[in-house]
Amino acid sequence: MTAPAQSETLLSPRQQEHAAEMRQLVQSAITDLARQIGAGHTDGYLDMLAFYRKFWRYSARNLVLIKCQQPDATRVAGYHTWQKLGRQVAKGSTAIWIWCPIIARQRDPETGALEEACLGFRPGSVFDAADLEGIETDPLPSLWRPLPDDCEDAYWHVLRAIGDTGLAITEQALPGGLQGKATVDTIVVSTTIPDSRNRLATLLHEYAHVLAHFGPVAQGKDERQCELEAESDCYVALQHLGSTTRSRAITCCTTT
Ligand SMILES: [Zn+2]
């Protein structure tokens, strides 16, 4: 996984400096990962794969660069791309450096037609969604739809009942449209969920993860199976609580 050398002559001295730093960053990350795997530790590799889920459109090289510079990144874009989307990068934000293609229009020697060609790659800066002004109160659009806000009482009832089992439940702003998050003894419900019915469903979904997806009971289950089980349990519990919700659009969550 090395950066293309053919673009080097197209870079300014400052860009060449960035390029050298980026190569170094990728190289040491890969060496470190290889060392971990060689020692039988797969956590770093699995972390990388989990990160890839959010950045599957990016090259492996850029994936590593983004993860090294901003491990919590959820969605990145250039300064001007965010502006075109109506968002402003907050002052003082730290840029993430990745490889961007150098595109030029060239005439095809055989057909004579003008075509866009990639001449190489240059260091370019992008910013994470967390660095946008107002992101906490005005999150990026997500695929899940608001539901009727009619489960406030049930939400607090279930929250207290789960809390009584000893789990720590908090409401926090979660990045990238994430609705919930679970660990073996904590649940976080996103404060950006606009309605109590989705909040209740998220709480139940995460609780299902806590019960069934940590420790020996989780052995042999992949992520898709865990999500299916959590959402199925959530559906049963919602029915029990009298909710008429047939299904939710998408559940974004993480279990760590
Ligand atoms: Zn889940």
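Summarised in this report is the structure supplied together with it. Predicted, not measured: the structure shown is a model, and the values here were computed from it.

1. Here's the deal with the packing of helix H1 (residues 13–38) against helix H3 (residues 60–69)
Running from N to C, H1 and H3 point in directions that differ by 90°, and their axes come no closer than 10 Å. What the angle tells us is that H1 and H3 run roughly perpendicular. Across the interface between the two elements, Met22, Leu25, Val26, Ala29 and Ile30 of H1 pack against Arg61, Val64, Leu65 and Cys68 of H3. Of the residues contributing to the contact of H1 with H3, the split by class is eight nonpolar, no polar and one charged.

2. With respect to the sheet that holds strand E2 (residues 96–107)
Within a sheet, neighbouring strands are paired by backbone hydrogen bonds and run either parallel or antiparallel to one another. Taking strand neighbours across the sheet as the criterion, the three strands line up as E1-E3-E2 in an open arrangement whose pairing is antiparallel. Each having just a single partner strand, strand E1 (76–77) and E2 make up the two edges of the open sheet. By the bridge criterion, 12 bridges tie E2 to strand E3 (residues 114–128) in an arrangement that is antiparallel. What sits directly across from Cys100, in E3, is Arg122. In the packing of H1 onto the sheet, the strands contacted are E2 and E3, and the crossing angle to E3 comes to about 70°.

3. Thoughts on the environment of Leu228
Residue position: Leu228 is located in helix H7 (residues 223–240). On the neighbour-count criterion, Leu228 (11 C-beta atoms within 10 Å) is exposed. For the pair formed by Leu228 and His205, sequence separation is 23 residues and the distance between their alpha carbons is 9.9 Å.

4. Some remarks on H3
Of the residues making up H3, those classed as buried are Asn62, Leu63, Val64, Leu65, Ile66 and Lys67. The elements touched by buried residues of H3 are H1, helix H2 (43–54), E1 and E2.

5. Concerning the pairing of E3
Note on strand geometry: in a regular strand, side chains alternate between the two faces of the sheet. Two strands pair when backbone bridges link them, and E1 and E3 are joined in this way by two bridges, in the antiparallel orientation. Bridge assignment links Val76 to a residue of E3, and that residue is Asp128. Counting the residues in the hairpin turn of E2 and E3 gives six residues, including Gly112, whose phi is positive at 80°.

What counts and how
Residues numbered from 1 in each chain as written. Predicted model: local features only at pLDDT ≥ 70, side-chain atom pairs only at ≥ 80, totals over all residues. Axes fitted to C-alpha atoms, helices over the stretch in contact; angles between N-to-C directions. Helix = DSSP H or I, 4+ residues; strand = E, 2+ residues; numbered from the N terminus. Parallel < 35°, antiparallel > 145°, perpendicular 65-115°, else oblique. Contact = placed C-beta atoms within 7 Å. Nonpolar A, V, L, I, M, F, W, Y, C, P; charged D, E, K, R; others polar. Pairing = 2+ DSSP bridges. Buried ≥ 20, exposed ≤ 12 C-beta atoms within 10 Å, placed from the backbone.

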